[in-house]
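Spelled out, the chains give:
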Amino acid sequence: MSAFIVLGAQWGDEGKGKMTDYLAEDADVVVRFQGGNNAGHTVEVGDKQYKLHLIPSGILYDDKVNVIGNGVVVDPKALFEEIEYLEGVGVKVTPEKLMISDRAQLIMPYHKTLDRLKEKARGKNDIGTTGKGIGPCYTDKFERCGIRVCDLMHPEVFEEKLRENMEAKNLYITKVLGGEAENFEETLKMYLEFGKKLKPFVKDTSVKVYDSIKEDKNVLFEGAQGMLLDIDYGTYPYVTSSNTTAGGVVSGSGVGPTMITNAVGIAKAYTTRVGKGPFPTELLDETGDWIREKGHEYGVTTGRSRRCGWLDLVILKTTVRVSGLTSLAVTKIDTLAGLDKIKVCVGYEFNGEVIDYFPASLEDLAECKPVYEEFDGWDESVADARSYEELPENAKKYIERIEEFTGTRISIVSVGPKRDQTMRVKEL
Ligand code: GDP
Ligand code: IMO
Ligand code: MG
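Just so it is clear, the structure is predicted and the values come from calculations on it, not from any experiment.

1. Focus on the pairing of strand β1 (residues 2–8)
For β1, a buried count of seven out of seven residues is recorded, marking the element as mostly surrounded by other parts of the structure. Pairing between β1 and strand β10 (residues 218–222): five bridges, direction parallel. Opposite Phe-4, over in β10, you have Leu-220 as the bridge partner. Relative to strand β11 (residues 262–268), β1 runs parallel, the two being bridged by five bridges. Residue pairing in the sheet places Val-6 in a bridge with Val-264 of β11.

Take a look at the structure:
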């Protein structure tokens, strides 16, 4: 039995899509357990590039079952657009390959409107969300007025819940946020149509995931976002609205913690962040611009440019602790090739001492000054390496320092976006 988690160890976009695709070769089931189509996961196979948002990256294989778990927020419009996109590029999406939890919450048009208008109302204190309605949908879930996929399977129940919600939301949208009321009949008609199309995909996915693990199949849990976007352990309030850490797997897919065998944190060889919020090792200079261009650091979901900075080992150490990581996979070692010197943050100077944990308060974090170690760079030959031995010596030193500082082995090293630009170094 193997049930392993793939998680983002930084602020998202670490290469989870690529790593899920790589590891999915040995998996039978791939499960998304939180987030929604705010995610943007890129997979490159041969000369083809795929961009996934809501559907697990295992969909590119024909023989894997892909699960959208109960912890995910599902925008049916975005889902069917993604299915259409995949079918258009030759990837089959059938009810045998894709299962959607009957307990998943639905993103409604008013969630997207609320996301947009609330961001506007925050003014200069906006979060910089993706605008996909994620926060408002999770808000309704915990307010206990959300509408779930199973409700859509009962049109009369759905209609009643929609009516109640839209009365309240329209009032809030028009009276408080100065927006325009949305049409109930139109929304009802649109979603009832979605319901009919969704039906064949809808299952109690917790049963499927549990049975698969019990039957000795390999189950891979594909995280979205990253550690520092976690609603509890991220840079609150500049976070997403779900648990992106390992705890989210259990509640978001309906299996117990004792069934999980490994958790792999995906870490970029440097750090990036999209949207607003603190970023201690951010480079607001030419080096930051150089990394952005070399690493094509532009968002998959919103196209926004990603902020770039040096690798922060304080962050990785925190992720190891909070998610109980059994190993780390390091991506984009090739992007740093060509730099003469590379810096790595190994602590924060705070109140006259050096700390190696991530503070909760943004005010404290603003006081933290990164303490750097400097490494000699490596050349472009790194992209051709297919085994650890073939990596340039300086790249090995860099990787070994990450292992030493975090107390966690590096199981995989990635030197390019393609499936075959990946080397397995140690056990997961
Ligand atoms: P995700 O959200 O974690 O799945 O990551 P994204 O897909 O948003 O961003 C990662 C980007 O880096 C994608 O364009 C990947 O194709 C690319 N990528 C992943 N691993 C590597 C690597 O080792 N080297 C290079 N150069 N690109 C990579
Ligand atoms: P993947 O899975 C990077 C960020 C947004 C914003 C904050 C809140 O591709 O790594 P939200 O729309 O979730 O309410 O936005 O979270 N964010 C991401 N940043 N990668 C992602 O996903 C992200 N999903 C959300 O930019 O700062
Ligand atoms: Mg991404």
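2. Points about the packing of helix α3 (residues 109–122) against helix α6 (residues 155–176)
Contact geometry for α3 and α6: axes closest at 11 Å, N-to-C directions at 20°. One element, α3, and the other, α6, form an angle in the roughly parallel class. Two packed elements cross with a definite hand, and for α3 against α6 that hand is left-handed. Together, Tyr-110, Thr-113, Leu-114, Leu-117 and Lys-118 of α3 and Leu-162, Asn-165, Met-166, Lys-169, Tyr-172 and Ile-173 of α6 make up the contact between the two elements.

3. Digging into the domain arrangement of the protein
How big an interface is tends to be stated in terms of the accessible area lost upon association of its parts. By the assigned domains, the protein splits into domain 1 (2–103 + 201–263), domain 2 (105–199) and domain 3 (268–424). Tallying the contact residues gives 27 residues for domain 1 and 23 residues for domain 2. Regarding the contact of domain 1 and domain 2, the summed buried area is about 2100 Å², with carbon and sulfur atoms giving 63% of it. The interface formed by domain 1 and domain 2 contains one salt bridge. Between Asp-75 and Lys-112 there is a salt bridge whose closest N-O contact spans 2.8 Å. Along the contact surface separating domain 1 from domain 2 lie 10 residue pairs in polar contact (both at pLDDT 80 or more). Those elements that place two or more of their residues in the side of domain 1 that touches domain 2 are β6 (73–74), α2 (76–88) and β7 (98–101). Broken down by element, the side of domain 1 that touches domain 2 gets its largest block of residues, four residues, from α2.

Conventions used here
- Residues numbered from 1 in each chain as written.
- Chains lettered and ligands numbered in written order.
- Predicted model: local features only at pLDDT ≥ 70, side-chain atom pairs only at ≥ 80, totals over all residues.
- Heavy atoms only, no water.
- Buried < 20%, exposed > 50% of the residue type's maximum accessible area, 1.4 Å probe, protein only.
- Helix = DSSP H or I, 4+ residues; strand = E, 2+ residues; numbered from the N terminus.
- Pairing = 2+ DSSP bridges.
- Axes fitted to C-alpha atoms, helices over the stretch in contact; angles between N-to-C directions.
- Parallel < 35°, antiparallel > 145°, perpendicular 65-115°, else oblique.
- Left-handed = near helix turned anticlockwise from the far one by under 90°.
- Contact = heavy atoms within 4.5 Å.
- Domains from an automatic or database assignment.
- Buried area = accessible area lost by both parts, 1.4 Å probe.
- Salt bridge = Lys/Arg side-chain N within 4 Å of Asp/Glu carboxyl O.
- Polar contact = N/O pair within 3.5 Å; in protein donor to acceptor, adjacent residues only side chain to side chain.

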